[in-house]
Amino acid sequence: KLASASPIDLTSNTSGYTFSSIPSVYDRLTLMVKGWSVSATAEMWIRLGTSGGLISSSSYINNTQYWNTADEAGTDASSASDTAFKWAGWNGAGNVQHLKATFTHNGDDVWFMDCSAFVSTEAAHLDYYIVWQGLLDCGGTLTQIQLLPSANAIDAGTVNLLYG
């Protein structure tokens, strides 16, 4: 079941989009982003939340690793105390990102995030493949997922959430 019958246009939600009132019966949620782009350099962030609000404390465990089309591994970025799931990289104007992030419930208040993504960069650059993983103890029942840029405005893309 999709949260929205049609993908949500992010150009109408330039500071991000929050899926709220997520039913607690689902132990797997999939966030799908197609064609994300920002007006200037910014990271893509994902925050989870409960009925008490979005979690922005330094409790996200986060890791990203990338490869380019020449099969060269890039530097990974990891943190045990981020304020969101943060994807650091290639989010300058003109770069287009696509991803599928799966959130899996551990049975307590912990959610694991596993994401595969790729970037279509400006014409003179190669494309990149990204693996992004993390976990968060929500401290309660998950009811919200927010996609947002760290700065600037979203200027392209769609998002949707799959339950189950």
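Whatever comes next refers back to the structure up there.
Residues numbered from 1 in each chain as written. Predicted model: local features only at pLDDT ≥ 70, side-chain atom pairs only at ≥ 80, totals over all residues. Heavy atoms only, no water.

A. Focus on the overall build of the protein. Tallying secondary structure elements over the protein gives zero helices and 13 strands in all. The N-to-C order of helical and strand elements in the protein reads β-β-β-β-β-β-β-β-β-β-β-β-β. The buried share of the protein, taken over its 164 residues, is 43%. Sequence separation of 24 or more characterises 74% of the internal contacts of the protein that already satisfy a separation of 6 or more. (Helix = DSSP H or I, 4+ residues; strand = E, 2+ residues; numbered from the N terminus. Buried < 20%, exposed > 50% of the residue type's maximum accessible area, 1.4 Å probe, protein only. Contact = heavy atoms within 4.5 Å.)

B. Quick look at the sheet that holds strand 6 (residues 60–68). Read from one edge of the open sheet, eight strands run 1-13-3-9-10-11-6-7, paired in antiparallel fashion. At either end of the open sheet lies a strand with only one pairing partner, and these are strand 1 (8–9) and strand 7 (77–82). Both strand 6 and strand 11 (residues 128–137) contribute to a ladder of eight bridges, which runs antiparallel. Counted as the bridge partner of N62 is G134 from strand 11. (Pairing = 2+ DSSP bridges.)

C. Looking closely at the nonpolar core. Counting 37 residues, the largest nonpolar core has L31, L48, F103 and W132 as the members making the most contacts within it. Of all the secondary-structure elements, those providing two or more residues to this core are strand 3 (28–38), strand 4 (44–50), strand 8 (85–87), strand 9 (96–105), strand 10 (110–120), strand 11, strand 12 (144–149) and strand 13 (154–163). (Core = buried A, V, L, I, M, F, W, Y, C linked by side-chain atoms within 4.5 Å.)

D. Region of interest: the side chain of R47. On the secondary structure map, R47 appears in strand 4. Side-chain polar atoms of R47 contact the backbone oxygen of T83, separated by 2.9 Å. Apart from the residues within four sequence positions on either side, R47 is in contact with L54, I55, S56, Y60, T83, A84, Q144, I145, Q146 and L148. (Polar contact = N/O pair within 3.5 Å; in protein donor to acceptor, adjacent residues only side chain to side chain.)

E. Focus on the environment of Q144. Locating Q144 in the fold gives a position in strand 12. Look at Q144 and you get buried, because its relative accessible area is 15%. A sequence separation of 121 residues divides Q144 from P23, and the C-alpha atoms of the two residues are 9.5 Å apart. If near-sequence neighbours (up to four positions away) are discounted, Q144 is found in contact with T18, F19, S20, I22, R47, L48, G49, T50, G53 and L54.

F. Here's a closer look at the side chain of Q146. Structurally, Q146 can be placed in strand 12. For Q146, a relative accessible area of 13% gives the class buried. A polar contact of 3.3 Å, which involves the side chain of Q146, links it to the side chain of T18. Sequence-distant contacts of Q146, defined by excluding residues within four places in its chain, comprise Y17, T18, W45, I46, R47 and L54.

G. Focus on the pairing of strand 10. Here strand 9 runs beside strand 10; their pairing, made up of 10 bridges, is antiparallel. The residue bridging T102 from the neighbouring strand is D114, located in strand 10. Hairpin connection of strand 9 to strand 10: four residues between the antiparallel strands, including G107 at a positive phi of 100 degrees. In this sheet, strand 11 lies alongside strand 10 in antiparallel orientation, the contact comprising 10 bridges. Residue pairing in the sheet places V119 in a bridge with Y128 of strand 11.

H. Seen up close, the pairing of strand 3. Across the 11 residues of strand 3, eight count as buried, placing the element largely inside the fold. Inspection of the sheet shows strand 3 paired to strand 9 by seven bridges, in the antiparallel sense. What sits directly across from R28, in strand 9, is T104. In this structure, strand 3 lies alongside strand 13, joined through eight bridges in antiparallel fashion. Bridged to V38 within strand 13 is I154.

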